[in-house]
Amino acid sequence: MEYTLNKIVDLLNLEDFSEIYSKADEIRKENVGDIVHIRAILEFSNYCGRKCKYCGLNCTNKSIKRYRMSSEEIISTAFEAAMNGYKTLVLQSGEDAYYTPEILGEIIKSIKKFNIDITLSTGEMDYDSYAHLKECGADRYLLKHETADEDLYQYLHPCGTLKERVQCLKNIKKLGYETGGGFMVGLPNQTAEILAKDILLLKEIGCEMAGIGTYITNPNTELKDSPNGSTDMTKRAVALTRIIMPKIHLPATTSLGVLDAKEKEDVFSCGANVIMQKVTPSKYKALYEIYPSKLSETNIKLQRIKLEDEIKSLNRIPL
Ligand code: SAM
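Everything in this summary refers to the structure shown in the same document. Keep in mind the model is a prediction, meaning the values are calculated, not measured.

When helices and strands are counted, the protein shows 13 helices and eight strands. Taken against the 2.2 N^0.38 rule, which gives 20 Å for 319 residues, the C-alpha radius of gyration of the protein at 18 Å falls within 12% of a compact globule. Reported as C-alpha extents along the three principal axes, the dimensions of the protein are approximately 50 × 45 × 40 Å. Residue pairs at least 24 apart in sequence account for 74% of intrachain contacts in the protein once pairs closer than 6 positions are excluded. Of the accessible surface of the protein, which amounts to about 14,000 Å², a share of 50% is contributed by carbon and sulfur atoms. Averaged over its 42 positive side-chain charges, the protein has a centre that lies 3 Å from the centre of its 45 negative ones.

Here you go:
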């Protein structure tokens, strides 16, 4: 079947989505199997130079305390994650110019000695910086396009354009990174047509992974009066992405779990095959407040074991 924009809009608006969820689950099983990839995520700085209207890290938010982890702290946390069975570490931060490509490159080289894959999620950079980080050993890059609608993108992002964001993703792809895009569901003024464009843009770029997260209201941002997005619509977008891009890696995103823990579990039967687990040290974790959420103290070893058990209880295989 050809998944045109209109077809995707019709599907997103279906009253009963159960058949589509089953189809997505079948396609997931056939194409990526029963493994659930567990990624450790280390949020190493909450400084950010951008002004994204939905995000608590944006530089106009004066109510959060900012932190930066030292290279030594980042490397020792990565070591602990690797020693406890993690095979991938996602290094995420706001767009923090303190970490130059040279500094980040040295951190990557040290972490690669622990035989762990590295996903970077540090925002927009020029081509040469992405190239340098790839040469230093980064394997994957996660940069959500956030929304594929130019007007909505411009409204939400005073600091950049959709064209620039997509060009970054194309550069990342060209450099041979495993490329991760993604978008938020439930942004103000978002329509089913915009969501359909989001899914088609992932395909056009050739993303190998996609984070599809529910928008969550942050009271310390300009969008404080925009309600949370729908977890049901998030699952629909995940399921259709699985059907349209059968081999893609799709996480059960953190934001889905923040709104409803049950929905985060359910999304594994709607196409998801990846999960991220925070390994950010407790003293920094609560400060990485993209949106409000309840967080427990970090215990890398015990939380890994607990997550593996949870995945097994879904009849899936943790990796
Ligand atoms: N600076 C990097 C970047 O721009 O890709 C990574 C950090 S950024 C905080 C990570 C992701 O958080 C964004 O891609 C965005 O989708 C998500 N995010 C930010 N604010 C959010 C909110 N209020 N609700 C849901 N997701 C949000």
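Now for the site of the ligand. Of all residues adjacent to the ligand, which total 20 residues, the nearest are Tyr54, Ser93, Glu146, Ile216 and Ile290. Taking Glu146, its side chain carries an N or O atom lying 2.6 Å from an oxygen atom of the ligand. Here a nitrogen atom of the ligand and a backbone polar atom of Ile216 are 2.8 Å apart. Considering the ligand on its own, with 570 Å² of exposed area, one finds that the protein chains cover 92% of that surface.

Once that is clear, we can look at the packing of aromatic side chains. Aromatic ring pairs are reported here in terms of the distance separating the ring centres and the angle at which the planes meet. Applying the stated rule across the entire model yields seven aromatic pairs. Plain terms: the ring middles of Phe79 and Phe114 are 5.0 Å apart, the flat faces sit at 70° to each other, and that makes the pair edge-to-face. Here Phe79, found in helix H3 (residues 71-83), pairs with Phe114, found in the loop between helix H4 (101-112) and strand S3 (117-121); they are 35 residues apart in sequence, far enough to count as distant. Measuring from ring centre to ring centre gives 4.9 Å for Tyr98 and Tyr99, while their planes differ by 85°; the resulting arrangement is edge-to-face. Using a relative accessible area of 6% as the deciding quantity, one classes Tyr99 as buried.

Another point: helix H1 (residues 5-12). Taken together, the buried positions of H1 are occupied by Ile8, Val9, Leu11 and Leu12. All buried residues of H1 project into a common sector of 165° when viewed along the axis, lining one side. The exposed residues of H1 that point more than 90 degrees off its buried face are Asn6 and Asp10. Looking at the packing, one finds that the buried side of H1 touches helix H2 (18-32), helix H8 (192-205) and helix H9 (231-244).

Moving on, we come to the pairing of strand S7 (residues 274-278). Of all five residues making up S7, four are buried, and the element is well covered by its neighbours. Pairing of strand S1 (residues 35-45) with S7 involves five bridges; the strand directions are parallel. Bridged to His37 within S7 is Val274.

Turning next to the packing of H8 against H9. For any two helices packed against each other, the geometry is given by the interaxial angle and the distance between the axes. Between H8 and H9, the shortest axis-to-axis distance is 10 Å and the interhelical angle comes to 35°. Judged by the sense of rotation from one axis to the other, the crossing of H8 with H9 is right-handed. Listed contacts from H9 to Leu195, Ile199, Leu202 and Lys203 of H8 are Met233, Ala237, Leu240, Thr241 and Ile244. A per-class count over the contact of H8 with H9 returns seven nonpolar, one polar and one charged.

With respect to the helices and strands, Ile27 occurs in helix H2. Considering only alpha carbons, one finds Ile27 and Ile244, 217 residues apart in sequence, at a separation of 9.7 Å. Not counting the four nearest positions on each side in its chain, Ile27 is found in contact with Arg242, Ile243 and Pro246.

The full count for this structure, using the stated rule, is 22 salt bridges. The closest approach of N and O atoms between Arg165 and Glu146, which form a salt bridge, is 3.3 Å. One end of the pair, Arg165, is in helix H7 (residues 162-174); the other, Glu146, is in the loop between strand S4 (140-142) and helix H6 (150-156), with 19 residues separating them in the sequence. One exposure class covers both Arg165 and Glu146, and it is buried.

With that settled, the discussion passes to the environment of Asp34. Summarising the element assignment, Asp34 is placed in the loop between H2 and S1. Excluding residues that lie within four positions of it along the chain, Asp34 makes contacts with Arg28, Lys29, Arg316 and Ile317.

To continue, consider H7. The end-to-end C-alpha separation of H7 is 18 Å, in line with the 18 Å expected for 13 residues at 1.5 Å each. Taken together, the buried residues of H7 touch helix H5 (127-135), S4, H6, strand S5 (178-185) and H8. Immediately downstream of H7, the backbone of Gly176 shows phi near 90°, a positive value.

Look at any regular strand and the pattern is simple: side chains alternate between the two faces of the sheet. Of all 11 residues that make up S1, 10 are buried, and the element is covered over most of its length. Relative to strand S8 (residues 317-318), S1 is paired through two bridges, and the arrangement is parallel. The residue of S8 that forms the bridge with Val36 is Pro318. Note: S1 against strand S2 (residues 88-93), five bridges, orientation parallel. Bridging across to S2, Leu42 finds its partner in Leu91. For the crossover from S1 across H3 to S2, the handedness is right-handed.

About the thresholds
- Here, residues in each chain are numbered from 1, in the same order as that chain's written sequence.
- Predicted model: local features are reported for residues with pLDDT of at least 70 only, side-chain atom pairs are reported and counted for 80 or more only, and whole-chain, interface and lining totals are derived from all residues.
- The side-chain figures draw on all heavy atoms in the structure; neither hydrogens nor water molecules are used.
- Elements are defined by DSSP. Helices are runs of H or I of four residues or more, strands are runs of E of two residues or more, and each kind is numbered from the N terminus.
- Every radius of gyration here is taken over C-alpha atoms, with the globule rule written as 2.2 Å times N^0.38, N being the number of residues.
- In this description, contact between two residues means that some pair of their heavy atoms is separated by no more than 4.5 Å.
- Computed with the Shrake-Rupley method and a 1.4 Å probe, the accessible areas treat only the protein chains shown as cover for residues.
- For this count, His and the chain ends are skipped, Lys and Arg are scored as positive, and Asp and Glu as negative.
- Charge placement uses NZ in Lys and CZ in Arg. For Asp and Glu, CG and CD serve respectively.
- Any residue with a heavy atom lying within 4 Å of a molecule or strand is counted as near it.
- For this analysis, a polar contact is any N or O atom pair within 3.5 Å, provided that within protein one partner can donate a hydrogen and the other can accept it, and provided that sequence-adjacent residues contribute only side-chain to side-chain pairs.
- For this analysis, a ring pair means two rings from Phe, Tyr or Trp (six-membered ring only for Trp) whose centres lie within 6.5 Å, classed as stacked if their planes differ by under 30 degrees, edge-to-face if by over 60, and tilted for the remaining angles.
- Only protein chains enter the accessibility calculation, which uses a 1.4 Å probe. A residue is then buried if its area is under 20% of the maximum for its type, exposed if over 50%, and partly exposed in between.
- To obtain the arc, one takes the directions from the helix axis to the C-beta atoms.
- Strand pairing is assigned whenever DSSP detects at least two bridges linking the two strands.
- Fitting a line to C-alpha atoms yields each axis, with helices limited to the stretch in contact; the angle taken between N-to-C directions then spans 0 to 180 degrees.
- Left-handed describes a crossing in which the near helix is turned anticlockwise from the far one by less than a right angle; the clockwise case is right-handed.
- Three residue categories are used. Nonpolar comprises Ala, Val, Leu, Ile, Met, Phe, Trp, Tyr, Cys and Pro, charged comprises Asp, Glu, Lys and Arg, and polar comprises the others, including Gly.
- Any Lys or Arg side-chain nitrogen found within 4 Å of a carboxyl oxygen on Asp or Glu counts as a salt bridge.
- By this rule the span expected of a helix is its residue count minus one, scaled by 1.5 Å.
- A clockwise course of the path from the first strand over the helix to the second, judged with the strands pointing away from the viewer, identifies a crossover as right-handed.

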